[in-house]
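Results of the structural survey
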Amino acid sequence: MNKQLYPLKFIPIASRRVWGGNALITTLGKSFVENDENGDEIKLTAEDLIGESWELADMGEQDSVVSEGWLAGNTISEIMETFLDRISGDSAYSWFGRQFPLLIKFLDIHQKLSVQVHPDDEVAAQRYDSLGKAEIWYILDAQPDAKVYMGFRKPTSAQEFYDACKAGTAHELLNVIHPKAGDAIFIKPGTVHAAEGGILVAEVQESSDMTFRLYDWGRENNPATARKMHLEEAIDLINYDRYDASDYMPAGSVKSEDGVEYPLVSCPQFSVSKLDLKAALRISPEHYGSYIVYICTSGAAAINVPKRPVQDDSKAAAAFGTPEMDIYPIRKGDTVLVPADMPDFYLVPTLPGTELIVAADGVREDYDEYINPDAAPELSEE
């Protein structure tokens, strides 16, 4: 008999970035440790510039470790190697194999994020033997003067963009979004993007870190701050058309009914939706046919797993908080992976205003149906 799997949390991995800040610690309450040059563990503080918290990563050197339960201490790659499609589901496993399909992060974009682009799966496979990188940003918080640069304001040529990068004016060609909490932005491969000014982001992306820096706001010209640029390598990966406004979903258009997921993105790599949780829901992983990842963006909830098969739903609902349930709490800033072969469970709000981002396997029947097209805004002319 297979031992029952359970909702998995992982130890967050801090990624220092020149554009990072302290919101991952001060706002989301993250606790990070890393090893110093002597191999001793040190705790990072709000004085450290942390740009990313890798919540769930199956990326070789960056391999998330389970924090709780009987699998604590095991990495996600070890778990995938052992449990195979019991974690990801049949379809995701046949598509991605033994690598977990998603990389989940929180970003704290305090200073200017480099102007960058990601390749698609086909190019990444042919040139780099890697997955490409589609991703979605969900904005948790944004300062009044924050900006997201996303795609081009007007059709642009490769030469025009190349010259602008060399001249230090590349950002002038880009479309500008003034982000607000609750916005969602789907970043298709080939879309040039950047950001600045204090933005806290929950990011769901393919299990890939294929990022090409094109322009770094002048930092690339200072030996003290210079990082490798990839402009020549990536110039033919870029979509030079005017930005597709339907990839940007403002907060006002991203509203889920109580207990009903609002779809944000459905693409071959993943499906992502938003859930406003006001009452207990019974969730069936079989309905998704894959893993489910919950990212708590506000409030708090619990994943309550019955210790025996549910026969009477009303009796099971009455057993919340009793020994009849194994309870797995999730608070703002937490990420939880629900394996595909888990039994039905209950998702229960424990604080008012609970909001979750829900990620699952993608839809691969129609590669052109990439996003929810509702309420596309007008483009900024800034």
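Residues numbered from 1 in each chain as written. Predicted model: local features only at pLDDT ≥ 70, side-chain atom pairs only at ≥ 80, totals over all residues. Heavy atoms only, no water.

So, about the sheet that holds strand β17 (residues 262-266). Read from one edge to the other, the open sheet built from five strands follows the order β17-β18-β25-β20-β23, with strand pairing classed as antiparallel. Since the sheet does not close on itself, it has two edges, and those belong to β17 and β23 (335-338), each with one partner. Neighbour-to-neighbour, the strand axes of the sheet open up by a mean angle of 20°, direction not taken into account. As paired elements, β17 and strand β18 (residues 271-277) share four bridges and run antiparallel to each other. (Pairing = 2+ DSSP bridges. Helix = DSSP H or I, 4+ residues; strand = E, 2+ residues; numbered from the N terminus. Axes fitted to C-alpha atoms, helices over the stretch in contact; angles between N-to-C directions.)

This part is about the environment of M229. Residue placement: M229 occurs in the loop between β15 (212-215) and α7 (231-234). Note on M229: relative accessible area 22%, which makes it partly exposed. Residues M229 and L214, spaced 15 residues apart in sequence, show a C-alpha to C-alpha distance of 5.9 Å. In this structure M229 touches R213, L214, Y215, D216 and E220, once residues within four positions along its chain are discounted. (Buried < 20%, exposed > 50% of the residue type's maximum accessible area, 1.4 Å probe, protein only. Contact = heavy atoms within 4.5 Å.)

Topologically, D216 is positioned in the loop between β15 and α7. In contact with D216, not counting residues within four places along its chain, are S114, R227 and M229.

Averaged over every residue, the pLDDT of the protein is 90; residues scoring 70 or more account for 90%. Predicted confidence for residues 366-382 stays below pLDDT 50, and this span has 42 contacts to residues more than four positions away or in other chains. (pLDDT = per-residue confidence, 0-100.)

Within the secondary structure, Q116 is located in strand β8 (residues 113-117). Polar side-chain contacts of Q116 include one of 3.0 Å to the side chain of S114. Residues contacting Q116, with those up to four places away along its chain left out, are T191, V192, H193, T211, F212, R213 and L214. (Polar contact = N/O pair within 3.5 Å; in protein donor to acceptor, adjacent residues only side chain to side chain.)

Applying the stated criterion across every chain, the model contains twelve aromatic pairs. Note on Y128 and F212: the rings are 5.6 Å apart at their centroids and 45° apart in plane angle, and the pair reads as tilted. On the criterion of sequence distance, the pair formed by Y128 in helix α5 (residues 121-128) and F212 in strand β15 is long-range, its members being 84 residues apart. According to the relative accessible area criterion, Y128 is partly exposed, its value standing at 28%. On the basis of relative accessible area, F212 is assigned to the buried category, the value being 4%. Pairing F152 with Y240 gives two aromatic rings, centres 5.7 Å apart and planes at 25°, and the pair type is stacked. Taken together, the residues F152 in strand β10 (residues 147-152) and Y240 in the loop between α7 and β16 (248-249) connect sequence positions 88 residues apart. For the residue pair F152 and Y240, the accessibility class agrees, reading buried in each case. (Phe/Tyr/Trp six-rings, centres within 6.5 Å; stacked < 30°, edge-to-face > 60°.)

So, on to helix α6 (residues 158-167). Among the residues of α6, F161, A164 and C165 are the ones counted as buried. Buried residues of α6, seen end-on, are gathered within an arc of 100° and therefore sit on one face of the element. Exposed positions of α6 whose direction lies more than 90 degrees from the buried face are K166 and A167. Taken together, the buried residues of α6 touch β8, β10, β15 and α7. Residue G168 follows α6 closely and has a positive phi angle near 80°. (Arc of directions from axis to C-beta.)

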